[in-house]
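Each chain, letter by letter, is given below.
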Amino acid sequence: ISAADGLVELCVPVGGDDTQRLDIDAPGDYFDGVVIASYHASFKYNPPMILRSITPARASAFYSAQLGVAFDATKAHVLVLNACDRDEPLLDRPHGSMLVASEQGGHELAWSAGPIGDYVLFPNVDVTQPTGIVSWGAIDVPLMIPLTAGSWTMVVGCIWFL
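The model shown is predicted, which means the values in this text are computed figures rather than measured ones. (Residues numbered from 1 in each chain as written. Predicted model: local features only at pLDDT ≥ 70, side-chain atom pairs only at ≥ 80, totals over all residues. Heavy atoms only, no water.)

Trainee: I would appreciate a short explanation of helix α1 (residues 56-67) in the present structure.
Mentor: An α-helix turns once every 3.6 residues. As a result, residues three or four positions apart point the same way. Relative to the 16 Å expected for twelve residues at 1.5 Å per residue, α1 spans 15 Å between its end C-alpha atoms, a close match to the ideal helical length. Every buried residue of α1 is listed here: Ala59, Phe62, Tyr63 and Leu67. The arc that holds the buried residues of α1, viewed along the axis, is 95 degrees, so those residues lie on one side. What points out from α1, more than 90 degrees from its buried face, is the exposed set Ala57 and Ala65. Gly68 occupies a position one or two residues after α1 and carries a positive phi of about 75 degrees. (Helix = DSSP H or I, 4+ residues; strand = E, 2+ residues; numbered from the N terminus. Expected span 1.5 Å × (residues − 1). Buried < 20%, exposed > 50% of the residue type's maximum accessible area, 1.4 Å probe, protein only. Arc of directions from axis to C-beta.)

Trainee: Which parts of the structure should I look at to understand the side chain of Asp126?
Mentor: You can see Asp126 is positioned in the loop between β9 (119-125) and β10 (131-136). Side-chain polar atoms of Asp126 contact the side chain of Thr128, separated by 2.6 Å. Apart from the residues within four sequence positions on either side, Asp126 is in contact with Lys75, Arg93, Pro94 and Leu147. (Polar contact = N/O pair within 3.5 Å; in protein donor to acceptor, adjacent residues only side chain to side chain. Contact = heavy atoms within 4.5 Å.)

Trainee: What am I meant to see in the pairing of strand β5 (residues 76-82) here?
Mentor: Consecutive residues of a regular strand have side chains that alternate between opposite faces of the sheet. Summarising burial for β5: seven of the seven residues are buried, a large majority. Both faces of β5 are covered, namely the face carrying Ala76, Val78, Val80 and Asn82 and the face carrying His77, Leu79 and Leu81. Direction of pairing for β5 relative to β9: antiparallel, over a ladder of five bridges. Among the inter-strand pairings, Ala76 is bridged to a residue of β9, identified as Val125. (Pairing = 2+ DSSP bridges.)

Trainee: Explanation requested: the packing of aromatic side chains in the structure shown.
Mentor: Aromatic rings considered in pairs are described by the distance between their centres and by the relative angle of their planes. Under the criterion given, the structure shown has four aromatic pairs. Pairing Phe62 with Trp111 gives two aromatic rings, centres 5.7 Å apart and planes at 80 degrees, and the pair type is edge-to-face. Residue Phe62 is located in helix α1, and its partner Trp111 is located in strand β8 (residues 109-113); the two are separated by 49 residues in the primary sequence. Across this residue pair, the class does not change: Phe62 and Trp111 are buried. Of the aromatic side chains, those joined through ring pairs into one cluster are Phe31, Phe62, Tyr63, Phe71 and Trp111. (Phe/Tyr/Trp six-rings, centres within 6.5 Å; stacked < 30°, edge-to-face > 60°.)

Trainee: Just to check I follow, could you spell out the pairing of strand β7 (residues 99-103) for this structure?
Mentor: Counting buried residues along β7, four of its five residues qualify, which places the element largely inside the surrounding structure. In this sheet, β8 lies alongside β7 in antiparallel orientation, the contact comprising five bridges. Bridge pairing in β8 links Glu103 to Leu109. Here β7 pairs with β9 via three bridges, running antiparallel. By the bridge assignment, Ala101 is partnered in β9 with Tyr119.

Trainee: I keep staring at unusual backbone geometry and nothing clicks. Help me out?
Mentor: What you tend to see is this: most non-glycine residues have negative phi, and most peptide bonds are trans. Although it is not a glycine, Asn124 adopts a positive phi angle of roughly 50 degrees. With respect to the secondary-structure elements, Asn124 resides in strand β9.

Given below as structure tokens:
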């Protein structure tokens, strides 16, 4: 499922209220993780999704230099991709300040503090409970996710406001 560089390409059939879970056993020193893909729509939508894991060294440098926060490998890290309409995702576990990014030309991401973007990162999430709930403010679509120290949980949410 994962390439030697941590790349994960997903192409799973989803639609309606389908939720897919993919456990990622990343190669080498890339963080393992879980991808939860949840689509809430009245019609099928099958976009290819490409996500990439990260090494501890890269995570530490990225958090520090680009986000201004320390990376804590004893905590979980939750990345939410708002694949359709953007809405503020909420996480019911204690975490660091939310960070967001939106795609720029050429797939560059510009990260900043805030709650709404194409990508929303919940850094350094408390793992005293093995699960958390991600929900979106405007629609009641709670999603239970696993939380594991030193691991990524990547949530792909797709909500359309029609």
